[in-house]
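Reading the structure
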Amino acid sequence: MKKLIAVVDDEKDILSLITHHLKREGYQVKPFQNGKDFLLYINSVPPDLVLLDLMLPGMDGLELCRILKSKPSTESIPIIMITAKSTEADIVLGLEFGADDYIVKPFRTRELVARVKSIMRRYAMKNTGDGSLRIGPLRIDPASYEVSVDSRKIDLTTTEFRILETLGEAGGKVFTRDQLLKRKTLWGDERVVFDRTIDVHIKNLREKLGSAGKMIKTVRGIGYKLEEIQPI
C-alpha cells in the first residue's frame, strides 16, 4: 500500500506544491491548513509521516507536535517540521519536542522529498531477520556488540558502539548534543560528559568506520544524525 503523509501548512501555495511533488513520488497525501482539522482526522486515520509547519493559526506546530508525542496511538509517527524560523534555538526546540527532522523555508522540493524518503526508510532499516541493524554498508549487531562495514569487522569502544547504535536506531533523526548528553545509558563509567566529549567520540567513530564514516552527519550548531549515503 502507498504510504500516507499528512501535510499541515496554512499557506495554500506551499501546501499545493508539497502535495503535488509527494504524489508524483507515489505517496498518498492528506493536506490540512490548520491544526484542529488535522487532529480530528488523525484520531481515526493515523498517517505514516507528518510534515508540520510551525507557524499555524490557532494552534502552532510545536503544540501539535507535543500532543502527538504525548499519545500512545500517535507517539511513534515521525514528524518533519517545516519552518521559517531558522535560528539554532528554534531548531533545537523543535527537535526536543520530538520532531525527527526539520526543513527551513524556503526549501527545494528535491530536498524535501529526499528527507521524506530518508525518514520512511527508518522502518526498513530498523530490523533484520537476525536482529541486527543494517544501513547501507553498515551492520550493527546489539546482541554481540559488533559493527562491520562491508563485512569487515570494526573494533569500537563500548561508548562508541552505544552512540552509533543510538544514531542508527533513530533512522535519520537528528540528535541534539543535549539529548545525547542526557542519555545516561551512553556514557557508562564516564562521570563527566561535555559537548566536547561527544565530538571526540564522533571523530573517533568516523575514523574507525572509514568510508562509512561519512554516514555520520554533523548538523551544524545542533548535533548529529546517521543516514545512508545517497548516490548522486
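See the structure shown above.
Only a predicted model underlies this, so the values are computations on that prediction, with no experimental measurement involved.

A look at the pattern of salt bridges
Per the counting criterion, the structure on display carries 14 salt bridges. The partner of Arg66 in a salt bridge is Glu63, with the nearest N and O atoms 2.7 Å apart. Here the residue Arg66 and the residue Glu63 both occupy positions in helix α3 (residues 61-70), the gap between them amounting to three residues, near one helical turn. Within the structure, one salt-bridge network assembled from shared partners comprises Asp9, Glu11, Asp53 and Lys105.

Quick word on the sheet that holds strand β11 (residues 216-219)
The strand order β10-β12-β11 describes an open sheet built from three strands, whose pairing is antiparallel. Single-partner strands in this sheet number two, and they are β10 (175-176) and β11. Contacts from helix α8 (residues 195-209) reach β11 and β12 (223-226), with the element oriented near 145° to β11.

Quick notes on the packing of aromatic side chains
On inspection of all chains with the given rule, the structure shows three aromatic pairs. A ring pair is formed by Phe32 and Phe38, whose centres lie 5.6 Å apart and whose planes are at 70°; its orientation type is edge-to-face. For the pair formed by Phe32 and Phe38, the shared burial category is buried. The interplanar angle of 25° and the centroid separation of 4.5 Å between the aromatic rings of Tyr145 and Phe161 together place this pair among those described as stacked. Of this pair, Tyr145 sits in the loop between β7 (138-141) and β8 (146-149) while Phe161 sits in helix α6 (residues 158-169), placing them 16 residues apart in sequence. Taking relative accessible area as the criterion, Tyr145 reaches 43% and is therefore assigned partly exposed. Given a relative accessible area of 2%, Phe161 falls into the buried group. Through successive ring pairs, a cluster of aromatic residues spans Phe32, Phe38 and Tyr41.

Definitions and cut-offs
- Residues numbered from 1 in each chain as written.
- Predicted model: local features only at pLDDT ≥ 70, side-chain atom pairs only at ≥ 80, totals over all residues.
- Heavy atoms only, no water.
- Salt bridge = Lys/Arg side-chain N within 4 Å of Asp/Glu carboxyl O.
- Helix = DSSP H or I, 4+ residues; strand = E, 2+ residues; numbered from the N terminus.
- Pairing = 2+ DSSP bridges.
- Contact = heavy atoms within 4.5 Å.
- Axes fitted to C-alpha atoms, helices over the stretch in contact; angles between N-to-C directions.
- Phe/Tyr/Trp six-rings, centres within 6.5 Å; stacked < 30°, edge-to-face > 60°.
- Buried < 20%, exposed > 50% of the residue type's maximum accessible area, 1.4 Å probe, protein only.

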